[in-house]
Amino acid sequence: MMSLRTLLQTGCLLGLPTLVLVAAESSSSPSVISLAEAIELTLAQQPGIEISRLEIVSSEGELQQARGQFDWVLGGEVSDEVSRTPTGVPSPLPTEQRQDIAIMGLGVAKQLRNGVVVSPQVSVVDIKDSLSSPIPASRSDVRVTVTVPLLRGRGVASTGALEQAAKIQVEAQQHLARAQLEQFVYQTTVAYWNCLAAQYDRDILADSAARASSILHFVDLLAQGGELDASTQGQARALVADRQARSAEGELVYYQSRIALALAMGYSPEQMENAPLVEGEFPGTVDPALVSRTMGHKFVHEALQRRGDHLAAGLSANAEEALLLRARRDLKPRVDLEMSVGYAGYDDRRSNLRPLRSLGGDLSGPSAIGALSFEWPMPNNSARGELLSQRAETEQARLSAIRSANLVSSGVLNSLEALRRAIEQFQFSDQAVQLYEETVVQTNNKMKAGEAPFTELIDVEDRYAEARRARIDTMRRYTIALAQLRLNTGSLSSLADDRAVFQIEDFITVPFAP
């Protein structure tokens, strides 16, 4: 049993590790790593994880952009106009009229999430007219305008739909990012078990080649004593050559598995040459009762509650539903009620503060204005087209969520069956190795005693080597099936205080075990 009890915990931002990609120091020789170290390095340097985090940041930016619809907007104007116009009368009457007009205005506006727009504003007009009002005077106007949509654009479901959809999409992206994180860790786990199996398989092939050399040495001794003919000696040499060729193939497969592990861990091109070596043992098999066929419904139910990609699909459908409701409401004409209340001021003192003093001098009011505006494109093609498009997108999202549930269910059931078969196959393959090991010893003794031909020993040796390799392959498929069950049920990691936690025990045990 693997004696790893390491808890890997990485800081998370919105359910995803916050990582700084730093290239590992180059070394002249490959490092030897365990499964825990392989996962830790994956979390630290896999570029795909950083991409997932940036996708969350991008969705947050879209949410912030949608919230900008409800920002306070500050606006203002300042202008100064001088105009001269002829009066058309002869001297000594004034032949020119001069007007000096300065306008200053400041206001803010905010749209509420229910669609109402509030806009307080203040304006001052300072006028001097050489004919009608040679004494400068300032007139101020302070008012608050409220615009209330009565049909189109009324209510949070209409005005706040974009913000609501963006907020849902941020949550969906967080779930999806966690699923992607688990996928990267799963790929590293699979690559690690493949590499460990390739290492064991290489050792078996090397041992088989060494055993063939021992047989050749024994055959050479018998041939020198005249007890075996040259053809038997040639068969022994052929056996050695075949085993050496297989051993070389095993070395190649092992090297390729190391490269695959380095790729899964996020090694850079400069690091790839020193792909890691692996250490560790395959774990023992779990109790088959934990994955019996009666447990299928429980695993599927848990997976539908946990799988990040499935949860993201459901949330995306909810976001589209919010936009669909908005599109339906936008079919209505726009009818807005505008109400404005304010007061006016006046000041004609000769002072630079005259415009400011007009805000509180010689006040009159309050004054009020009420208006009703109406707008409705008769064919309404824009709103109808938006509704048609949004209805299709909503239906696509709904069907995608249903399809996701189907895929999750099938994946869980297939993983369970693969795990059951792997446990069963391991029991048989382990038994086969033990029996063949005993048979090899017996056949070897019989051949030394002259009771068995050389070809029988070769055949038994072949079967023994293949049985050992089959057992290793069964263990490889068992550990991968176990990790795949975790991945398909969304239990490869857990969340604690917005942190994604990977525990090594979870990679070698069945989820949801009592």
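Residues numbered from 1 in each chain as written. Predicted model: local features only at pLDDT ≥ 70, side-chain atom pairs only at ≥ 80, totals over all residues. Heavy atoms only, no water.

Observations concerning the overall build of the protein chain
Each helix and strand in the protein chain was counted, giving 11 helices and 13 strands. Taking 514 residues into account, the globule formula puts the C-alpha radius of gyration at 24 Å, and the protein chain, at 40 Å, lies well above it. C-alpha extents for the protein chain along the principal axes are approximately 150 × 50 × 40 Å. In the protein chain, which comprises 514 residues, the share counted as buried stands at 42%. Across the protein chain, the fraction of contacts at a sequence separation of at least 24, relative to all contacts at a separation of at least 6, is 79%. (Helix = DSSP H or I, 4+ residues; strand = E, 2+ residues; numbered from the N terminus. Rg over C-alpha atoms; globule rule 2.2 N^0.38 Å. Buried < 20%, exposed > 50% of the residue type's maximum accessible area, 1.4 Å probe, protein only. Contact = heavy atoms within 4.5 Å.)

Details of the packing of aromatic side chains
Enumeration according to the criterion identifies four aromatic pairs in this entry. A ring pair is formed by Y200 and F282, whose centres lie 5.8 Å apart and whose planes are at 35°; its orientation type is tilted. Residue Y200 is located in helix 4 (residues 161-224), and its partner F282 is located in the loop between strand 9 (277-278) and helix 7 (296-306); the two are separated by 82 residues in the primary sequence. Given the relative accessible area of 27%, Y200 is considered partly exposed. According to the relative accessible area criterion, F282 is buried, its value standing at 12%. By way of ring pairs, the aromatic residues Y192, W193, Y200 and F282 are connected into one cluster. (Phe/Tyr/Trp six-rings, centres within 6.5 Å; stacked < 30°, edge-to-face > 60°.)

Overview of the sheet that holds strand 5 (residues 73-86)
Pairing is antiparallel in the open sheet, where six strands are placed in the order 5-6-7-8-10-11. Two strands close off the open sheet at either side, each with one partner strand: strand 5 and strand 11 (364-375). The average undirected angle you get between the axes of adjacent strands in this sheet is 15°. Taken together, the 11 bridges between strand 6 (residues 96-111) and strand 7 (residues 117-129) define a ladder with antiparallel strand orientation. (Pairing = 2+ DSSP bridges. Axes fitted to C-alpha atoms, helices over the stretch in contact; angles between N-to-C directions.)

Concerning the pattern of salt bridges
Applying the stated rule across the entire model yields 32 salt bridges. A salt bridge links R178 to E182; the nearest nitrogen and oxygen atoms lie 3.7 Å apart. Note that R178 and E182 are positioned in helix 4 at a spacing of four residues, about one turn of the helix. Judged by its relative accessible area of 14%, R178 falls in the buried class. Using a relative accessible area of 5% as the deciding quantity, one classes E182 as buried. With a shortest N-O distance of 3.0 Å, E461 and R211 are connected by a salt bridge. With E461 in helix 11 (residues 454-488) and R211 in helix 4, this pair connects stretches of sequence that are 250 residues apart. Taking the relative accessible area as the measure of exposure, E461 reaches 9% and is therefore buried. Residue classification places R211 among the partly exposed residues on the basis of a relative accessible area of 26%. (Salt bridge = Lys/Arg side-chain N within 4 Å of Asp/Glu carboxyl O.)

A look at the nonpolar core
Counting residues in hydrophobic clusters, the biggest one holds 60 residues, and the most contacted among them are W193, F299, L419, Y478, F502, F507 and V510. Of all the secondary structure elements, the ones that give two or more residues to this core are helix 1 (35-45), helix 4, helix 5 (230-265), helix 7, helix 10 (381-448), helix 11 and strand 13 (500-503). In terms of residue count, the dominant contributor to this core is helix 4 (13 residues). In this structure, I215, L216, A236 and M447 belong to the second largest nonpolar core, which totals 11 residues. (Core = buried A, V, L, I, M, F, W, Y, C linked by side-chain atoms within 4.5 Å.)

A few points about unusual backbone geometry
In this structure, N380 is a non-glycine residue whose phi angle is positive, near 60°. Structurally, the position occupied by N380 is in the loop between strand 11 and helix 10. Overall, N380 belongs to the buried group, its relative accessible area being 5%.

Things to note about the packing of helix 5 against helix 11
Two quantities define a packed helix pair, namely the angle between the helix axes and the distance between the axes. Across the interface, helix 5 lies against helix 11 with an axial gap of 11 Å and an inter-helix angle of 10°. Viewed along their axes, helix 5 and helix 11 adopt a mutual orientation that is roughly parallel. Viewed along their axes, helix 5 and helix 11 form a crossing whose handedness is right-handed. On helix 11, the residues touching T232, Q235, A236, L239, R243 and R246 of helix 5 are F454, T455, I458, D462 and E466. Counted by class, the contact of helix 5 with helix 11 contains four nonpolar, three polar and four charged residues. (Parallel < 35°, antiparallel > 145°, perpendicular 65-115°, else oblique. Left-handed = near helix turned anticlockwise from the far one by under 90°. Nonpolar A, V, L, I, M, F, W, Y, C, P; charged D, E, K, R; others polar.)

Observations concerning the confidence of the model for the protein chain
Residues with a pLDDT of 70 or more make up 94% of the protein chain, whose mean pLDDT is 87. Segment residues 1-27: pLDDT under 50, and 77 contacts once partners within four positions in sequence are set aside and those in other chains are kept. (pLDDT = per-residue confidence, 0-100.)

Describing the environment of D242
Within the fold, D242 resides in helix 5. Along the primary structure D242 and A212 are separated by 30 residues, whereas in three dimensions their C-alpha atoms are 9.2 Å apart.

With respect to helix 5
Given a rise of 1.5 Å per residue, 36 residues ought to cover 52 Å, and the 53 Å separating the end C-alpha atoms of helix 5 matches this to within 8%. G266 lies just past helix 5 and shows a positive phi near 90°. (Expected span 1.5 Å × (residues − 1).)

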